[in-house]
Amino acid sequence: MNSRAGFVALIGEPNVGKSTLLNWMVGAKVSIVTHKVQTTRARIRGVALQGESQIVFVDTPGIFRPKRRLDRAMVKSAWGGAADADFTVFLVEAHRGMTEGVEAIIEALKNLPKTIQIVLAINKIDRVHAEELLALTKLMNEAFQFAETFLISAEKGHGCQSLKSWLAGKLPQGPWLYPEDQIADLPLRMLAAETTREKLTLRLHQELPYQLTVETDAWEERKDGSCKIDQLIYVMRDGHKGIVLGKGGETIKAVSTQARAELESFLRRRVHLFLQVKVRPNWLEEKERYVEMGLEFRDGNT
């Protein structure tokens, strides 16, 4: 048996390019990508093929100092993804270097099982000079013994193929874990909700995106091959509802149009998308919202 398969977790601080790298590896958009930090909330699996190897990439929420219940659930999900993987790729931004957050993650990496190999990927290399890049590479490898170091630009694809090929050759031998044509291990209902949330995040430049969530309320398959998707956008205050709707409903209409177009491209069929905005002041404290996002809900501050 020459086939290989395994899990590779992507970890790092918020907004270091994990989702961009995942989408590049898979060759399709399976994870939300915006200019905002902390956009990935749940662990999202993207399935990539390289020769006879099937690499299941796990895009985790960015690791940061959690304050709210949602933050704590996201960070717990990130470390859970790393602990469950065959390999962990630790992404850092070349231009930011060794931040306090990076140092904290390195210390935490030392507590992972020794069976997990940690790979360093220095991203956004086009933003710094070669001398700075070499200095950061040396500094990082002195702080932790990485299995390998790769210099990449996830946005432009530089160095990504080298990383993909290296991982493919190191995965455990065994049968593939997913069908050949499957690119994501994510329910379509959640994928649809994440698509709409991305469009909202891109459209709204206030802090509002962190205080809203999107859920797919209903999914109806129609006889003509199309599907009808009903989604609920939960916000915390009446004022937020007005922002999401926009003057004359222009914001919600634009978001719906953009999300529908992307879903039609992904699903390769016609989509009827209906969005409704509801005020739900305590959605951040409701267990059902966490279950919908695939996160663990825990009582108290644990």
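Residues numbered from 1 in each chain as written. Predicted model: local features only at pLDDT ≥ 70, side-chain atom pairs only at ≥ 80, totals over all residues. Heavy atoms only, no water.

Peer 1: Can you tell me about the overall build of the protein, naming the residues and giving the values?
Peer 2: Looking only at helices and strands, the protein has nine helices and 10 strands in total. At a minimum sequence separation of 6, the contacts of the protein that also span at least 24 residues come to 72%. Counting every atom, the protein has about 14300 Å² of accessible surface; 48% of that belongs to carbon and sulfur. (Helix = DSSP H or I, 4+ residues; strand = E, 2+ residues; numbered from the N terminus. Contact = heavy atoms within 4.5 Å. Areas by Shrake-Rupley, 256 points an atom, 1.4 Å probe, with all protein chains shown as cover.)

Peer 1: An account of the pairing of strand β6 (residues 148-151) is requested, with residue identities and associated values reported.
Peer 2: Where strand β5 (residues 117-123) lies against β6, four bridges are found, and the strand directions are parallel. Along β6, the bridge assignment pairs Leu120 with Thr149. (Pairing = 2+ DSSP bridges.)

Peer 1: Describe the packing of aromatic side chains, naming the residues involved and giving the relevant values.
Peer 2: Counting across every chain of the model gives four aromatic pairs. Here the aromatic cluster, defined as three or more aromatic residues joined through ring pairs, consists of Phe87, Phe150 and Trp166. (Phe/Tyr/Trp six-rings, centres within 6.5 Å; stacked < 30°, edge-to-face > 60°.)

Peer 1: An account of the confidence of the model for the protein is needed here, citing residue identities and associated values.
Peer 2: Counting all residues, the mean pLDDT for the protein is 82, and 76% of those residues have values of 70 or more. Every residue in residues 34-41 is under pLDDT 50, and counting partners more than four places away or in other chains gives 47 contacts. (pLDDT = per-residue confidence, 0-100.)

Peer 1: Give a detailed account of the packing of helix α1 (residues 18-26) against helix α5 (residues 160-170), specifying residues and quantitative values.
Peer 2: Axis separation between α1 and α5 bottoms out at 11 Å; the angle between their running directions is 70°. The orientation of α1 relative to α5 falls into the category roughly perpendicular. Residue-level inspection shows Leu21, Trp24 and Met25 of α1 in contact with α5, the latter providing Cys160, Gln161, Leu163 and Lys164. The residue inventory of the contact of α1 with α5, partitioned by class, reads five nonpolar, one polar and one charged. (Axes fitted to C-alpha atoms, helices over the stretch in contact; angles between N-to-C directions. Parallel < 35°, antiparallel > 145°, perpendicular 65-115°, else oblique. Nonpolar A, V, L, I, M, F, W, Y, C, P; charged D, E, K, R; others polar.)

Peer 1: Tell me about the sheet that holds strand β8 (residues 212-221), and name the residues and values.
Peer 2: With mixed pairing, the three strands of this open sheet are ordered in space as β8-β9-β10. The strands lining the two open edges of the sheet, one partner per strand, are β8 and β10 (271-279). Here the average twist between neighbouring strands, direction ignored, is 20°.

Peer 1: Can you explain the pattern of salt bridges? Please cite residues and give values.
Peer 2: Here the structure, examined in full by the defined rule, presents 13 salt bridges. With its nearest N and O atoms 2.6 Å apart, the salt bridge here joins Glu142 to Lys138. One end of the pair, Glu142, and the other, Lys138, are both in helix α4 (residues 130-143), four residues apart, so they sit about a helical turn from each other. Given the relative accessible area of 55%, Glu142 is considered exposed. Taking the relative accessible area as the measure of exposure, Lys138 reaches 53% and is therefore exposed. The shortest N-O distance in the salt bridge between Arg222 and Glu220 comes to 3.9 Å. The exposure class assigned to Arg222 is partly exposed, which follows from its relative accessible area of 32%. Shared partners join several salt bridges into a network, and the residues in it are Glu13, Glu93, Arg96 and Lys124. (Salt bridge = Lys/Arg side-chain N within 4 Å of Asp/Glu carboxyl O. Buried < 20%, exposed > 50% of the residue type's maximum accessible area, 1.4 Å probe, protein only.)

Peer 1: Please give an account of the side chain of Ser3 that cites residues and values.
Peer 2: With respect to the helices, strands and loops of the structure, Ser3 is situated in the segment before β1 (4-12). Relative accessible area serves as the criterion here: at 16%, Ser3 is assigned to the buried category. There is a polar contact of 2.7 Å between the side chain of Ser3 and the backbone oxygen of Gly174. With residues up to four places along the chain from it excluded, the contact list for Ser3 reads Glu52, Pro172, Gln173, Gly174, Pro175 and Trp176. (Polar contact = N/O pair within 3.5 Å; in protein donor to acceptor, adjacent residues only side chain to side chain.)

Peer 1: Requested: an account of the pairing of strand β4 (residues 87-93), with residues and values cited.
Peer 2: With respect to burial, β4 is a largely interior element, seven of its seven residues being buried. Residues Phe87, Val89, Leu91 and Glu93 point to one face of β4 and Thr88, Phe90 and Val92 to the other, with burial holding for every one of them. Examined bridge by bridge, β1 and β4 share five bridges and lie parallel to one another. Counted as the bridge partner of Ala9 is Thr88 from β4. Sheet topology note: the β4/β5 ladder contains seven bridges and is parallel.

Peer 1: Let's hear about the side chain of Glu93: which residues, and what values?
Peer 2: Within the secondary structure, Glu93 is located in strand β4. There is a polar contact of 2.4 Å between the side chain of Glu93 and the side chain of Lys124. What Glu93 contacts, discounting residues up to four positions off in sequence, is Asn15, Val16, Asn123, Lys124 and Leu136.

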